[in-house]
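Each chain is listed here by its residues.
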Amino acid sequence: MAARTLRIGLIPGDGIGREVIPAGRRILEALPASFKLKFSFVDLDAGFETFKQTGAALPDKTVDTLKNECDGALFGAVSSPSVKTEGYSSPIVALRKRLALYANVRPVRTVATAKSPVDLVIVRENTEDLYVKEEKTYDGPDGKVAEAIKRITEKASFNIAQMAGDIAVRRQRVRDSGAPSIHKQPLVTVTHKSNVLSQTDGLFRETARKALAQDAYKNVKVEEQIVDSMVYKLFRQPSDYDVIVAPNLYGDILSDGAAALVGSLGLVPSANVGKGFAIGEPCHGSAPDIEGKGIANPIATLRSTALMLEFMNEEAAAAAIYAAVDANLEEGKLLTPDMGGSAKTDEVVEDILKRL
Ligand SMILES: NC(=O)C1=CN([C@@H]2O[C@H](COP(=O)(O)OP(=O)(O)OC[C@H]3O[C@@H](n4cnc5c(N)ncnc54)[C@H](O)[C@@H]3O)[C@@H](O)[C@H]2O)C=CC1
Ligand SMILES: O=C(O)CCCC(=O)C(=O)O
């Protein structure tokens, strides 16, 4: 069989994004020949630095190259301006919309040998909710008033719930094939706040229920959890959760919170997924507090690279990356400071590459 050639867009962005995205490239280049994958790369700009230099945080060239030339991409992180800056708007939020990457998939898990194992996936709607960013400020009788639109559509809610159902089914298939797991049965927990937001979150809840009632998910248990008590329960008993589906903002907040359960934000990957295209992106931001020190944890990016490969149907190559990362974590000798170690980013990458 001839090798499959994949062209990958690399968008490091700002801060530690520039320190961790090279790790994603290196692990793809280091994949053994037996996977029959070849990669070519194109460097692309986005972020606050790009905005300062060009006046655009997300240049059209970046979007066009991704659309016309790439099979997938890796995005690092971007910094946002500390004061309101005319014309600046988050490039990653814009990219998700412009490429119709409707799902943000965030697996959060410990290694199998952990004392308090966690193995869950947060499936977050990625294009709407408060992230439509339709805000306005005006003068009211008591001073300024600021308002934002929270838009929930039936279509996006249906699609994201289907993605959650599909992931639950896929995870069960892996378990059925003998993979060790803390879960016995596929479960999707629909998270919302429809007790207060009866129309917006109410529509999300109702539509997600409808989507998950389809025959394809007949073996998937579906539960609901209001988002505030979800946080409580998630922190009390994280091993109870398998797949969590949520509107955009709740999904974002839950996934950073869940990262605390597994030791570091520097471990948690994500993929922005659309029809036939995925961008791997670590869940963390540009971490200005550690920028330039060479100590950013590269594991979230390495796992995001694997996740991108999974959505390109290259599951065996993805599994090899996950296994190499897990071996590093299980041995626990070469860890970055966020994990209690003193290793540099590059030392962790080297160690993981050796284990591939
Ligand atoms: N997708 C994106 O591009 C995102 C961008 N941001 C932006 O990032 C900037 C900083 O935001 P913060 O709220 O500080 O969140 P952050 O995620 O950058 O950092 C939070 C904390 O986690 C630590 N951390 C994050 N990633 C790490 C890694 N790989 N290794 C070791 N430690 C790590 C940081 O040092 C910091 O203490 C802001 O300008 C924000 O707008 C924030 C979240 C997502
Ligand atoms: O800072 C930015 O530009 C966007 C941060 C977005 C974010 O946290 C997420 O939605 O994953």
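Residues numbered from 1 in each chain as written. Chains lettered and ligands numbered in written order. Predicted model: local features only at pLDDT ≥ 70, side-chain atom pairs only at ≥ 80, totals over all residues. Heavy atoms only, no water.

Chemist: Help me understand the domain arrangement of the protein chain, please; the structure alone is not making it clear to me.
Modeler: When the parts come together, some accessible area is lost, and that loss is often what is quoted as the size of the interface. By the assigned domains, the protein chain splits into domain 1 (1–100 + 275–356) and domain 2 (111–261). Both faces combined, the contact of domain 1 with domain 2 buries some 1,000 Å², and carbon together with sulfur accounts for 53% of it. Sorting the residues of domain 1 by area buried against domain 2 places Arg96, Lys97 and Glu330 first, and these three jointly supply 45% of that buried surface. The partner of Arg170 in a salt bridge is Glu310, and the shortest N-O contact between them spans 3.8 Å. The interface formed by domain 1 and domain 2 holds 3 residue pairs in polar contact (both at pLDDT 80 or more) in total. Secondary-structure elements contributing two or more residues to the side of domain 1 that touches domain 2 are helix H4 (91–98), helix H9 (299–311) and helix H10 (315–331). At 4 residues, the largest contribution of residues to the side of domain 1 that touches domain 2 is made by H10. Its residues placed into classes, the side of domain 1 that touches domain 2 shows 4 nonpolar, 2 polar and 6 charged. (Domains from an automatic or database assignment. Buried area = accessible area lost by both parts, 1.4 Å probe. Salt bridge = Lys/Arg side-chain N within 4 Å of Asp/Glu carboxyl O. Polar contact = N/O pair within 3.5 Å; in protein donor to acceptor, adjacent residues only side chain to side chain. Helix = DSSP H or I, 4+ residues; strand = E, 2+ residues; numbered from the N terminus. Nonpolar A, V, L, I, M, F, W, Y, C, P; charged D, E, K, R; others polar.)

Chemist: How should I be thinking about the packing of aromatic side chains in this particular structure?
Modeler: Given two aromatic rings, one states the distance between the centres and the angle between the planes to describe the pair. Following the criterion strictly, the structure yields 4 aromatic pairs and no others. Their ring planes at 10° and their centres at 6.1 Å tell us that Phe48 and Phe51 sit as a pair that is stacked. One end of the pair is Phe48 and the other is Phe51, both in helix H2 (residues 48–54) and 3 residues apart, which spans about a single turn. The burial state of Phe48 is the same as that of Phe51; both residues are buried. Ring geometry for Phe51 against Tyr88: centres 5.3 Å apart, planes inclined by 90°, an arrangement best described as edge-to-face. Residue Phe51 is located in helix H2, and its partner Tyr88 is located in the loop between strand E3 (72–77) and H4; the two are separated by 37 residues in the primary sequence. On the accessibility criterion, Phe51 (13% relative accessible area) is buried. Three or more aromatic residues link up through ring pairs in this structure, and these residues are Phe48, Phe51 and Tyr88. Above the plane of the ring of Tyr131 lies Arg124, whose end atom (NZ or CZ) is 5.2 Å from the centre. (Phe/Tyr/Trp six-rings, centres within 6.5 Å; stacked < 30°, edge-to-face > 60°. Buried < 20%, exposed > 50% of the residue type's maximum accessible area, 1.4 Å probe, protein only. Lys NZ or Arg CZ within 6 Å of the ring centre and 35° of its normal.)

Chemist: Got a minute to help me understand the site of ligand 2 in this structure?
Modeler: Around ligand 2, the surrounding shell consists of Val78, Ser90, Ile92, Arg96, Arg106, Arg124, Tyr131 and Asp252. With respect to ligand 2, the side chain of Arg96 contributes an N or O atom lying 2.9 Å from an oxygen atom. Protein chains shield 74% of the accessible area of ligand 2, which is 320 Å² for the free molecule. For the shell around ligand 2, the per-class residue count stands at 3 nonpolar, 1 polar and 4 charged. (Near = heavy atom within 4 Å. Areas by Shrake-Rupley, 256 points an atom, 1.4 Å probe, with all protein chains shown as cover.)

Chemist: What am I meant to see in the pairing of strand E6 (residues 135–140) here?
Modeler: The side chains of a regular strand alternate, first on one face of the sheet and then on the other. The buried fraction of E6 amounts to 0 of the 6 residues, a small share that puts the element mostly on the outside. With 6 bridges joining them, E6 and strand E7 (residues 143–148) adopt antiparallel strand pairing. Paired with Glu135 across the bridge in E7 is Ala148. Turn length for the E6-E7 hairpin, with the two strands adjacent in sequence and antiparallel, is 2 residues. (Pairing = 2+ DSSP bridges.)

Chemist: How do you make sense of the nonpolar core when you look at a structure like this?
Modeler: If you look at soluble globular proteins, the nonpolar side chains tend to sit buried side by side. One finds Ile8, Phe39 and Leu309 to be the most contacted residues of the largest nonpolar core, which totals 59 residues. Counting residues per element, this core draws most heavily on H10, which supplies 7 residues. When residues of this core are assigned to domains, at least three map to each of domain 1 (1–100 + 275–356) and domain 2 (111–261). Residue contacts for Ile8: discarding those within four places in its chain leaves Leu28, Phe39, Ser40, Phe41, Val42, Cys70, Gly72, Ala73, Leu74, Met308 and Met312. (Core = buried A, V, L, I, M, F, W, Y, C linked by side-chain atoms within 4.5 Å. Contact = heavy atoms within 4.5 Å.)

Chemist: What exactly am I supposed to notice about the confidence of the model for the protein chain here?
Modeler: Any region with low pLDDT has predicted coordinates that should not be read closely. Residues of the protein chain with pLDDT of at least 70 account for 100%, and the chain-wide mean is 97. Across the whole predicted complex the pTM is 0.97, and at the interface the ipTM reaches 0.98. (pLDDT = per-residue confidence, 0-100.)

Chemist: In this structure, what is going on with the site of ligand 1? I would like to understand it.
Modeler: Inspection of the region around ligand 1 gives 19 residues, with Ser80, Glu281, Gly285, Ala287 and Asp289 positioned closest. One nitrogen or oxygen atom from the side chain of Ser80 is found 2.6 Å from an oxygen atom belonging to ligand 1. A distance of 2.7 Å separates an oxygen atom of ligand 1 from a polar atom in the backbone of Gly285. Compared with its free state, where it exposes 800 Å², ligand 1 has 68% of that area covered by protein. Grouping the constituent residues of the shell around ligand 1 by class yields 9 nonpolar, 7 polar and 3 charged.

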